[in-house]
Amino acid sequence: MQINYDFLDNYTFKNKNMTLRNRVVMAPTTLRASLEDGSVTDNELKYYQMRAQGPAMIITETAYVNESGRGWEGGISAANDDKIPGLRRLASTIQSGGAKAILQIFAAGRQTTTAILRGDQPVSASNKPYPREESETPRALTHAEIVQTIDDFAQATKRAILAGFDGVEIHGANLYLIQQFFSPDSNQRHDIWGGTVEKRSRFGLAVVAKVAQIIEKYAEKPFLLGYRQSPEEPMDPGITLSESIDFAKKIVTLPVDYLHLSLKDGFQTPFANKVDQKRVIDYYRAALPVDYPLMVAGLLKQPKQVEEIMDAGVTLAALGRELIVEPNWVQKVAGHDLNAIRYAISPSDFELLGIPKPLEEWLLTRFRNGLPITTDLGFDPKQPWRYYKEVVTQMPKPIDPTKLMTLKKRS
Ligand SMILES: Cc1cc2nc3c(=O)[nH]c(=O)nc-3n(C[C@H](O)[C@H](O)[C@H](O)COP(=O)(O)O)c2cc1C
């Protein structure tokens, strides 16, 4: 039986007069394949080029807006004007496949290390480390630095406009700097940037307002502004679903074109309240204006799951790991070739799928759950370290910060 999925219908952002060819979005996926200074590489372009023909919109891996915002080696930069030519190649590679190109922008905050910052201490809302043994203690940003960081988001947006992107997405999710300001765990300030939930919200809202201003001033063609949010976090005290929804209600009063929820599972119920059986997306749909564009990511793999989430009132479905594994997902659904969709990855296919080595390493370790890997090429799930060792020992060793500090002093 051939099913004509509604998510293949197009969608128009009415305020921006921009039409998407379907409702499928490629979720932001860090490849860790940029040059050391954050410049775009051909490996990255190849990866995006292979995936640009199907989804209506590709949200790039997150780009840091200033040097203290770097989160890992191989991250992509939007922190300087010299990055514009590379960003332009990235935008046009995505657009050449017919997808809209959205640059995701962020600052890592305390989710980084002195080594990655080449000797500088990580920064955050306060000086509280992430509750994990190996986390470093960050330095609290001063008021002037906060104001500067807000402007850094705006300047990164201007670069995205000049590079020809179709929009930016502000990364307010996944425990990075914007979320660190919102969270009572990481934000223990007592000035205008912390204390009450209104004050903890101020940084994120200020970033949105400033970015919106820049778009208004510089964009000469329709240019989207999206906001990504994690509704809850594992810490106690941490952000709560009701605070996040209140924040989202404020976001939608600003010129933000869509709200993007970063969920583990698109259909999840609140994890802080195990007895509550109402799904997070249902809370959001009820709280947001009817028809306000809501995007959701989280374990969406099969066409029927995507259709089901649309039926629940979600406007756009963002696929992360599934589009790593299956670059032609949309084309296969549109061509009624469902049996040909791959849901697992073979170690022998990493190269074929254009997956850069550092992403391959992440997929085999940090993101191993939720990504089925087949067992060919001697990959034995009972002894995963055999394959892991082979790949990981080829990775560059992290830089020793003490050596860097010596180098800095000498220069
Ligand atoms: C390798 C990898 C890199 C990711 N990088 C980013 C990123 O740069 N920005 C972001 O907001 N989310 C990032 N995510 C999260 C995804 O966008 C998505 O929310 C998550 O993978 C859940 O969706 P999925 O189950 O469809 O993969 C990343 C996920 C993976 C697997």
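What you are looking at is a predicted structure, and each value in this text was computed from that prediction instead of being measured.

1. Section: the packing of helix α3 (residues 143–162) against helix α5 (residues 197–218)
Okay, so step 1: The contact between α3 and α5 brings their axes to 9 Å, and the two run at 35°. In the crossing of α3 with α5, the sense of the turn from one axis to the other is right-handed. Contacts from I146, T149, I150, D151, F153, A154, T157, K158 and I161 of α3 reach α5 at F203, A206, V207, K210, V211, I214, I215 and Y218.
Okay, so step 2: Of the residues that constitute the contact of α3 with α5, the class distribution is 12 nonpolar, two polar and three charged.

2. Remarks on the site of the ligand
Okay, so step 1: Within the structure, the ligand sits among 20 residues, and P28, T30, R228, L299 and R321 are positioned closest to it.
Okay, so step 2: At 3.2 Å, a backbone N or O of T62 approaches an oxygen atom of the ligand.
Okay, so step 3: Contact with the protein chains hides 93% of the accessible area of the ligand, taken as 610 Å² for the molecule alone.
Okay, so step 4: Contributing elements (two or more residues each) for the shell around the ligand: β4 (57–64) and α11 (357–364).
Okay, so step 5: Taken together, the residues that form the shell around the ligand break down as eight nonpolar, nine polar and three charged.
Okay, so step 6: Here the shell around the ligand spans two domains, since at least three of its residues come from each of domain 1 (6–343) and domain 2 (344–411).

3. Considerations on the pattern of salt bridges
Okay, so step 1: Taken as a whole and assessed by the stated rule, the structure comprises 22 salt bridges.
Okay, so step 2: As a salt-bridge pair, D42 and R89 come within 2.7 Å of each other at their nearest N and O atoms. Of this pair, D42 sits in helix α1 (residues 42–51) while R89 sits in helix α2 (residues 84–96), placing them 47 residues apart in sequence.
Okay, so step 3: Look at D42 and you get exposed, because its relative accessible area is 52%.
Okay, so step 4: Among the salt bridges present, the one from E326 reaches K332, with a minimum N-O distance of 2.9 Å.

4. Examining α1
Okay, so step 1: Among the residues making up α1, those that are buried are E44, L45, Y47, Y48 and R51. Axial view of α1: buried residues confined to an arc of 160°, hence all on one face.
Okay, so step 2: Residues of α1 that are buried in the fold lie against β3 (24–26), β4, β5 (76–77), α2, α9 (321–325) and α11.

5. Details of the packing of aromatic side chains
Okay, so step 1: Here the structure, examined in full by the defined rule, presents 12 aromatic pairs.
Okay, so step 2: Centre to centre, the rings of W72 and F106 are 5.4 Å apart; their planes meet at 25°, and the pair counts as stacked. One end of the pair, W72, is in the loop between β4 and β5; the other, F106, is in strand β6 (residues 100–106), with 34 residues separating them in the sequence. Accessibility assignment for this pair places W72 and F106 in one class, buried.
Okay, so step 3: In this structure an aromatic cluster arises from ring pairing among W72, F106, Y176 and W362.
Okay, so step 4: Between K278 and the ring centre of Y283, over which it is positioned, the NZ or CZ distance is 4.6 Å.

6. Description of the confidence of the model for the protein
A low pLDDT score tells you not to read the predicted coordinates there in detail.
Okay, so step 1: On average, residues of the protein score 92 in pLDDT, and 91% of them reach the 70 mark or higher.
Okay, so step 2: Taken element by element, the predicted model of the protein shows its lowest mean pLDDT in helix α12 (residues 384–392) (47) and its highest in β6 (99).
Okay, so step 3: Confidence over residues 386–396 falls short of pLDDT 50; this stretch has 14 contacts with residues more than four positions distant or in other chains.

7. Some thoughts on empty space enclosed by the protein
Okay, so step 1: Following the criterion strictly, the structure yields two cavities of 30 Å³ or more and no others.
Okay, so step 2: Space inside the largest cavity adds up to approximately 80 Å³.
Okay, so step 3: Around the largest cavity sit G172, I178, Q179, F182, R200, S201, G204, Y227, Q229, S230, I239 and F247, which together line it.
Okay, so step 4: Among the elements of the structure, α4 (177–182), α5 and β10 (224–229) are those that each provide at least two residues to the lining of the largest cavity.
Okay, so step 5: Of the residues that constitute the lining of the largest cavity, the class distribution is five nonpolar, six polar and one charged.
Okay, so step 6: The volume enclosed by the second largest cavity comes to roughly 30 Å³.
Okay, so step 7: Around the second largest cavity sit R110, Y130, L175, Q179, Q180, S183, S186, E233 and M235, which together line it.

8. So, the environment of L261
Okay, so step 1: With respect to the helices and strands, L261 occurs in strand β11 (residues 258–262).
Okay, so step 2: Each C-alpha atom of the pair L261 and V280 lies 9.4 Å from the other, and the pair is 19 residues apart in sequence.
Okay, so step 3: Each residue touching L261, except ones within four places of it in the same chain, is listed here: Q229, P231, V280, Y284, L294, M295, V296 and A297.

9. A few points about α2
Okay, so step 1: Spanning 13 residues, α2 covers 18 Å between terminal C-alpha atoms, matching the ideal 18 Å at 1.5 Å per step.
Okay, so step 2: The set of residues buried in α2 consists of I84, G86, L87, L90, A91, T93 and I94.
Okay, so step 3: Where the residues of α2 are buried, they touch α1, β4, β5, β6 and α3.
Okay, so step 4: Looking one or two places after α2, you find G98, whose phi comes out positive at around 95°.

About the cut-offs
Residues numbered from 1 in each chain as written. Predicted model: local features only at pLDDT ≥ 70, side-chain atom pairs only at ≥ 80, totals over all residues. Heavy atoms only, no water. Axes fitted to C-alpha atoms, helices over the stretch in contact; angles between N-to-C directions. Helix = DSSP H or I, 4+ residues; strand = E, 2+ residues; numbered from the N terminus. Left-handed = near helix turned anticlockwise from the far one by under 90°. Contact = heavy atoms within 4.5 Å. Nonpolar A, V, L, I, M, F, W, Y, C, P; charged D, E, K, R; others polar. Near = heavy atom within 4 Å. Polar contact = N/O pair within 3.5 Å; in protein donor to acceptor, adjacent residues only side chain to side chain. Areas by Shrake-Rupley, 256 points an atom, 1.4 Å probe, with all protein chains shown as cover. Domains from an automatic or database assignment. Salt bridge = Lys/Arg side-chain N within 4 Å of Asp/Glu carboxyl O. Buried < 20%, exposed > 50% of the residue type's maximum accessible area, 1.4 Å probe, protein only. Arc of directions from axis to C-beta. Phe/Tyr/Trp six-rings, centres within 6.5 Å; stacked < 30°, edge-to-face > 60°. Lys NZ or Arg CZ within 6 Å of the ring centre and 35° of its normal. pLDDT = per-residue confidence, 0-100. 1 Å grid on protein atoms, 1.4 Å probe; cavity = no way out; pocket = protein on both sides within 12 Å on 5 of 7 lines; lining within 4 Å. Points joined across faces, edges and corners; volume = space filled by probe spheres on them. Expected span 1.5 Å × (residues − 1).

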